[in-house]
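Residue-level listing of the chains:
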Amino acid sequence: MRRRAADFRRPVRRRFSYWIWLLLAFSSIIALLLFLLQHNHHHRDPHHYPLPERNERVEQFAKESLNFTQEILSVTSFSRQLAEQMIVAKAYVVIAKEHNNLHLAWQLSSKIRNCQLLLSKAAITGEPITLEEAEPIIRSLSLLMFKAQDIHYDIATTIVTMRSHIQALEERANAAIVQSTVFGQIAAEAVPKSLHCLNVKLMSDWLRMPSLQELSDDRKNSPRLVDNNLYHFCIFSDNVLATSVVVNSTVSNADHPKQLVFHIVTTGVSYGVMLAWFLRNDFKGATIEIQNIEEFHWLNASYSPLVKQLLNPDSRTFYFGAYQDLNVEPKMRNPKYLSLLNHLQFYIPEIYPQLEKVVFLDDDLVVQKDLTPLFSLDLHGNVNGAVETCLEAFHRYYKYLNFSNSVISSRFDPQACAWAFGMNIFDLVAWRKANVTGRYHYWQEQNADGTLWKLGILPPALLCFYGLTEPLDRRWHVLGLGYDLNIDNRLIESAAVIHYNGNMKPWLKLAIGRYKPLWDKYINQSHPHLQDCVTS
């Protein structure tokens, strides 16, 4: 595991280094061309290089604390001149290496290091660079650059050489981006060792404790599960720890937790794990139901176009085949899109035929406020209550759907506002009346060849709930904690729900450290299984 983590970090570092070299190449070309155009080396004495005289402004800097940003931008400062010399010299280092003139490249690199040391000293000490410090470096560096010009680095050769370098750097940078994206996706999909350990221990409890199975059977027929006077939440997940955080954070912030009912659907593999965890932990009197998706016999290929498509050999080859197509976005090959669990949102009325309203919660979020007021919101006859995400232009329908296809363009507005899946209040009475599940089946059949949208559950949801979505106040649902490092703290503090959508999930090592404590505080760290798994 340690070796794999190290392997993952190395491509990320290479990715950043490639970008740095690419930016350096572009800046070097500009500086070098200006230098060559302004200095005709056939008519210039290399020993004569004008230096600005020390003026009153420099002496003032010596007396006061140096503002290095202003100093480096000042046309009269030695810092500015050294920085410009260094940029041009770096370009000549690249060209010298290209022509196998390693001695000249070494000489230039040595002087560049001297420049860097002098600039670093000025930035740290807060004192400007003096004439005595700058003159030797500027003169020696000028001699080397004129020497480089005299050898064979004319402007035409420089342009051709740098152009080829830029192209090569762009190709390497693009390859690095793809590679790091793939590694990021792999890391996001991987099950942490501690979580796998927890699953094993819980499954062991389930198998060796018949009392848990008896308790589970007793709770299956509780009248609270169909009582519409209570507040019903549904979660579809195979991640026991993440689901536990959602449930625990919801009941911890509810005014009346005993009035909450959680309906959890999981896979056959995780069914015993979920039961062992939720039956042996107290959630302030809330009712919790665990269901196994494999017992939904009605969800089959004859009823659901999605099931039929997922059983298609071509679909499975795309996700699990040996070939790798770099033109296919890595996240589009994520096998989670083959999981029925990921599509159960479209079958909520079928799963809970006696319920009238339900709040759907993703397993990668944290609840920070009482959510029961959602059930009394007026949806104005709409099916879905959701927070809109079109504050930025790219969160509109045209971002997710193929509007070059007439089936889409003839029915939908490309500028229509998209909304967030993950915390939604659904009116199931209105849902059944509008036959939203039937709409979903229709659009899945239309997209059998993948031409209307490429991946995920949001695009079909945008189609199914078009004209049936009621916008909620933005504070109900704040997104981005799984990829955005710069979310305003005030927005997070005011949010009823914070959503870790993105690859940097809070249960992974690559989680954003600033947001992780908001998730960690809803984990029962004293649980013996968790303690054993962490220490092991």
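Residues numbered from 1 in each chain as written. Predicted model: local features only at pLDDT ≥ 70, side-chain atom pairs only at ≥ 80, totals over all residues. Heavy atoms only, no water.

Caption draft 1: Spotlight on the environment of Asp 413. Along the chain, Asp 413 turns up in the loop between α16 (406–409) and β7 (423–427). You can call Asp 413 partly exposed: its relative accessible area is 36%. Residues Asp 413 and Phe 403 lie 10 residues apart in sequence; the distance between their C-alpha atoms is 9.1 Å. Separated by 3.0 Å, the side chain of Asp 413 and the backbone nitrogen of Gln 415 make a polar contact. (Helix = DSSP H or I, 4+ residues; strand = E, 2+ residues; numbered from the N terminus. Buried < 20%, exposed > 50% of the residue type's maximum accessible area, 1.4 Å probe, protein only. Polar contact = N/O pair within 3.5 Å; in protein donor to acceptor, adjacent residues only side chain to side chain.)

Caption draft 2: Here's a closer look at the nonpolar core. Among the nonpolar cores identified, the biggest contains 63 residues, and Leu 198, Phe 262, Phe 278, Leu 361 and Leu 371 are the most heavily contacted of them. Tallying contributions element by element places helix α11 (residues 268–279) first for this core, with 8 residues. Other than its neighbours up to four places away in sequence, Leu 361 contacts Phe 233, Cys 234, Ile 235, Val 246, Thr 250, Leu 371, Gly 422 and Met 423. Judged by nonpolar contacts, the second largest core, of 47 residues, contains Leu 341, Ile 348, Ile 408 and Phe 412. (Core = buried A, V, L, I, M, F, W, Y, C linked by side-chain atoms within 4.5 Å. Contact = heavy atoms within 4.5 Å.)

Caption draft 3: Spotlight on the state of the cysteines. Applying the stated criterion across every chain yields a total of 2 disulfides. In this model Cys 390 forms its disulfide with Cys 417; the gap between the sulfur atoms is 1.8 Å. Judged by the sign of its S-S torsion, about -100 degrees, the bond between Cys 390 and Cys 417 is left-handed. Taken together, the residues Cys 390 in the loop between β6 (384–386) and α15 (397–400) and Cys 417 in the loop between α16 and β7 connect sequence positions 27 residues apart. Of the residues examined, Cys 390 reaches a relative accessible area of 15% and is grouped as buried. Once the bonded cysteines of the protein chain are numbered in order along the sequence, the disulfide links fall as 1-4, 2-3. (Disulfide = S-S within 2.5 Å.)

Caption draft 4: Local environment of the pairing of strand β4 (residues 357–361). A large share of β4 lies buried, amounting to 4 of its 5 residues. Bridge count for strand β1 (residues 231–236) against β4 is 2 bridges, and the pairing is parallel. Bridge pairing in β4 places Phe 233 opposite Val 359. (Pairing = 2+ DSSP bridges.)

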